[in-house]
Structures are given as structure tokens and as C-alpha cells.
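# A closer look at the structure
So the chains spell out like this:
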Amino acid sequence: QVQLVESGGGLVQPGGSLRLTCTVPESIFANNIINWFRQAPGKQRELVAFITSGGSTMYVDPVKGRFTISRDNAKNTVYLEMNNLKPEDTAVYYCRVIQYWGQGTQVTVSS
């Protein structure tokens, strides 16, 4: 049974930072692209960033330069470091590996 476990969401003020964490089963961690998605209220779920097994990364334009995706192979863990957060970053953030999704973690950016 595959289970992705997310953590790190919360409430922050504009300009603040959060680090999201997703732990991934070893069986699918090493050889697959790992993605972060988000879904804001009333909007479609959208890709935010991904990282390949070789360490290549991609970010969508709204988060480019502010978010960093990384992986710790020893811990089977992927991170999304979010800096200079804006209210429009408010969403539920999800980790995804192939067809498997995490439970989502709420990020709220508000004064």
C-alpha cells in the first residue's frame, strides 16, 4: 500500500516562508518524478513544481524565483521551500508521484 505523507502547511503573513514536506515510499521515490500541485478555493488544481530522479527541477511562472523543490534521497523525502509568500499562494498543496497523491496540506497567506 502506497502512502504519501505531507506536512508543513500553516498560516503565514505575506512575505513569510514555509517548508512543505512529503515522505514517499522507497519503492517509488528513486525512479519517478515527484510533483507539487496546489488548488486554491474555486480554482482548478495546478502543477507548481517537479523534480526528476536526476535532480532537474521545473517551476511554473507564478512561483519561479520564490519556491524551491528539493529531495533528500536518504530520507525518501521531498521538500517545497516557499519564500516571499503572497496571498495568491493560498491553496491546498499536494504531493504527487505517478498516480499517488498525498492528503494535502493547507497553506494560508494572510495578514
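Everything numeric here is computed off the predicted structure, so don't read it as measured data. (Residues numbered from 1 in each chain as written. Predicted model: local features only at pLDDT ≥ 70, side-chain atom pairs only at ≥ 80, totals over all residues. Heavy atoms only, no water.)

### Thoughts on the overall build of the protein
- When helices and strands are tallied, the protein shows one helix and 11 strands.
- What you see in the protein, going N to C, is helices and strands ordered as β-β-β-α-β-β-β-β-β-β-β-β.
- In terms of overall dimensions, the protein is globule-like: its C-alpha atoms have a radius of gyration of 13 Å, near the 13 Å expected for 111 residues.
- For the C-alpha atoms alone, the extent of the protein along its principal axes is close to 40 × 25 × 25 Å.
- Buried residues in the protein amount to 41% of all 111 residues.
- Considering only intrachain contacts with a sequence separation of at least 6, the fraction spanning at least 24 residues in the protein is 52%.
- For the protein, the distance from the average site of its 10 positive side-chain charges to the average site of its 8 negative ones is 2 Å. (Helix = DSSP H or I, 4+ residues; strand = E, 2+ residues; numbered from the N terminus. Rg over C-alpha atoms; globule rule 2.2 N^0.38 Å. Buried < 20%, exposed > 50% of the residue type's maximum accessible area, 1.4 Å probe, protein only. Contact = heavy atoms within 4.5 Å. Lys, Arg positive; Asp, Glu negative; His and termini not counted. Charge placed at Lys NZ, Arg CZ, Asp CG, Glu CD.)

### Some thoughts on the sheet that holds strand E8 (residues 77-82)
- Taken in spatial order, the four strands of this open sheet run E1-E3-E8-E7, and their pairing is antiparallel. Pairing within the sheet leaves two strands with one partner each, and these edge strands are strand E1 (5-7) and strand E7 (67-72). Pairwise comparison of adjacent strand axes, ignoring direction, gives a mean angle of 15° for this sheet.
- Note: strand E3 (residues 18-23) against E8, six bridges, orientation antiparallel. Of the residues in E8, the one forming a bridge with Leu18 is Met82. (Pairing = 2+ DSSP bridges. Axes fitted to C-alpha atoms, helices over the stretch in contact; angles between N-to-C directions.)

### Thoughts on unusual backbone geometry
- The phi dihedral of Asn84 falls on the positive side, at around 50°, and the residue is not glycine.
- In this structure, Asn84 sits in the loop between E8 and strand E9 (91-97).
- The phi angle at Ile98 is positive, at roughly 40°, despite the residue not being glycine.
- Turning to its location among the elements, Ile98 is positioned in the loop between E9 and strand E10 (100-101).

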